[in-house]
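Read off the chains here:
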Amino acid sequence: RRAIEDNYRLRACDVEMRLPVPSYTVVTLARLQEQHPDKQFGLIMGSDNLEGIDRWRNYQIILDNYSLYVYPRPGHPAAKWASHPAVRMVEQCPLMEISSSYIRQQLAQRKSVQYLLPDAVWKYCTEMHFYEGEK
């Protein structure tokens, strides 16, 4: 919520937080579709996630019913899935080697990620000591 609080075009959704654990993307998408039948949903992901989508629970349902917008990640070619009709490769964008895993790792090592996150998110993570001491 903090990351998008100043953008009126975006709205945070916590539907996944109210689903049984472990949570699966296919279940989250089904719940969203159930709650908002007039909307179309899709996924935004990096090519690192697309590489292993065939290991996701009921991945074929996702590929059959949703669009996947894929950001290229260095070292993670999307060749296996790039030609699938559901996959839309994001082109003409800057390539950055920054991921949520990298940010969590830096926080765990108590390194600054100030310029990798929106100010409000960085301040909150710092105040709450998120991920510090994790391995």
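Structure shown above.
As the structure is a computational prediction, the values presented were derived from the model and not from experiment.

## Regarding the pattern of salt bridges
Inspection of the entire model under this criterion finds seven salt bridges. In this structure, Asp14 and Arg18 form a salt bridge, with 2.7 Å as the shortest nitrogen-oxygen distance. For the salt bridge of Arg110 with Glu132, the shortest nitrogen-to-oxygen distance reads 3.6 Å. Taken as a pair, Arg110 in the loop between helix 4 (100-108) and helix 5 (119-128) and Glu132 in the segment after helix 5 lie far apart in primary sequence, 22 residues in all. Glu132 sits in the partly exposed class, given a relative accessible area of 27%. Members of the salt-bridge network, linked through shared partners, are Arg1, Asp14 and Arg18.

## Thoughts on the environment of Phe41
Relative to the elements of secondary structure, Phe41 occurs in the loop between helix 1 (25-35) and strand 1 (42-46). Between the C-alpha atoms of Phe41 and Ser67, which are 26 residues apart in sequence, the distance is 7.4 Å.

## Quick word on a nonpolar patch on the surface
A cluster of nonpolar side chains, namely Met96, Ile98, Tyr102 and Leu116, defines an oily patch on the protein surface of about 310 Å² accessible area. Among the secondary structure elements, Met96 is positioned in the loop between strand 3 (87-89) and helix 4.

## Remarks on the pairing of strand 2 (residues 67-71)
Taking burial as the measure, the five residues of strand 2 include four buried ones, the bulk of the element. Bridge analysis of strand 1 against strand 2 gives five bridges, and the strand direction is parallel. When the bridges of strand 2 are listed, Met45 appears paired with Val70. In the sheet, strand 2 pairs with strand 3 via three bridges, with the strands oriented parallel. Looking across to strand 3, one finds that Val70 is bridged to Met89.

Thresholds applied
Residues numbered from 1 in each chain as written. Predicted model: local features only at pLDDT ≥ 70, side-chain atom pairs only at ≥ 80, totals over all residues. Heavy atoms only, no water. Salt bridge = Lys/Arg side-chain N within 4 Å of Asp/Glu carboxyl O. Helix = DSSP H or I, 4+ residues; strand = E, 2+ residues; numbered from the N terminus. Buried < 20%, exposed > 50% of the residue type's maximum accessible area, 1.4 Å probe, protein only. Patch = residues over 30% accessible without salt bridge, like charges linked within 9 Å, V, L, I, M, F, W, Y side chains within 5 Å. Areas by Shrake-Rupley, 256 points an atom, 1.4 Å probe, with all protein chains shown as cover. Pairing = 2+ DSSP bridges.

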